[in-house]
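One letter stands for each residue in the lines below.
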Amino acid sequence: MLQPIAPASSQPNPLDTIRGIHGSNKTAAKEAAKEFEAVFLNTMLQNMFTGLENGGTWGSGHGADAWQSLLIDEFARSISEAGGIGLADSVERELLALQEGAR
């Protein structure tokens, strides 16, 4: 059965990822920003590979879809760790600004 959508007040708060972290410790904000960029890249890469024929790098067997998903996830994480597309820097700045404003 369908579950009702939770009210906005019970939705997770983005500040929860950095709440309780001292302002001088910017490592948590940087890691959260890199993770966000990796998830964004994963979504973009998944869409890019949608509709391709089976075969190639991930083969055409029973586990091809799972292998493709894992490989794309690794591509996204590697791109993010290598400097990404610049999204993590912007997200980190916003997280730190939100953190400073919440104090």
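Here, the structure is the one placed above.
Colleague: For helix 1 (residues 27-49), give the residues involved together with the corresponding values.
Modeller: Compared with an ideal rise of 1.5 Å per residue, which puts 23 residues at 33 Å, helix 1 spans 33 Å between its outermost C-alpha atoms and is within 8% of the ideal. Residues of helix 1 that are buried: A29, A33, E37, A38, L41, N42, L45 and F49. Downstream of helix 1 by a residue or two, G51 has a phi angle that is positive, lying close to 90°.

Colleague: Can you explain the nonpolar core? Please cite residues and give values.
Modeller: Core analysis: the biggest nonpolar cluster contains six residues, these being A29, A33, A88, V91, L95 and L96. Where this core is concerned, the elements lending two or more residues are helix 1 and helix 3 (87-102). No other element matches the four residues that helix 3 contributes to this core. Grouped together as the second largest cluster of nonpolar side chains are five residues, L41, L45, F49 and I72 included.

Colleague: Could you give an account of a nonpolar patch on the surface, naming the residues involved and the relevant values?
Modeller: The grouping of F36, F40, M44, F75, I79 and I85 at the surface amounts to a nonpolar patch, some 550 Å² of accessible area in total. Those elements that provide at least two residues to the nonpolar patch are helix 1 and helix 2 (64-81). Here the nonpolar patch gets three residues from one element, more than from any other, and that element is helix 1. Mapped onto the secondary structure, F75 falls in helix 2. Residue classification places F75 among the partly exposed positions, given a relative accessible area of 36%.

Colleague: Give me the lowdown on helix 2, citing residues and values where you can.
Modeller: Under the 1.5 Å per step criterion, the end-to-end length of helix 2 is 26 Å for 18 residues, consistent within 8% with the ideal 26 Å. Within helix 2, burial applies to A64, Q68, L71, I72, A76 and S80. Buried residues along helix 2 sit in contact with helix 1. Of the residues one or two after helix 2, G83 is the one with positive phi, at around 120°.

Colleague: Please provide a residue-by-residue account of the environment of A88, values included.
Modeller: Relative to the helices and strands, A88 is located in helix 3. For the pair A88 and K30, spaced 58 residues apart in sequence, the C-alpha to C-alpha distance is 7.5 Å. Not counting chain neighbours up to four residues away, the residues in contact with A88 comprise A33, K34 and E37.

About the criteria used
Residues numbered from 1 in each chain as written. Predicted model: local features only at pLDDT ≥ 70, side-chain atom pairs only at ≥ 80, totals over all residues. Heavy atoms only, no water. Helix = DSSP H or I, 4+ residues; strand = E, 2+ residues; numbered from the N terminus. Expected span 1.5 Å × (residues − 1). Buried < 20%, exposed > 50% of the residue type's maximum accessible area, 1.4 Å probe, protein only. Core = buried A, V, L, I, M, F, W, Y, C linked by side-chain atoms within 4.5 Å. Patch = residues over 30% accessible without salt bridge, like charges linked within 9 Å, V, L, I, M, F, W, Y side chains within 5 Å. Areas by Shrake-Rupley, 256 points an atom, 1.4 Å probe, with all protein chains shown as cover. Salt bridge = Lys/Arg side-chain N within 4 Å of Asp/Glu carboxyl O. Contact = heavy atoms within 4.5 Å.

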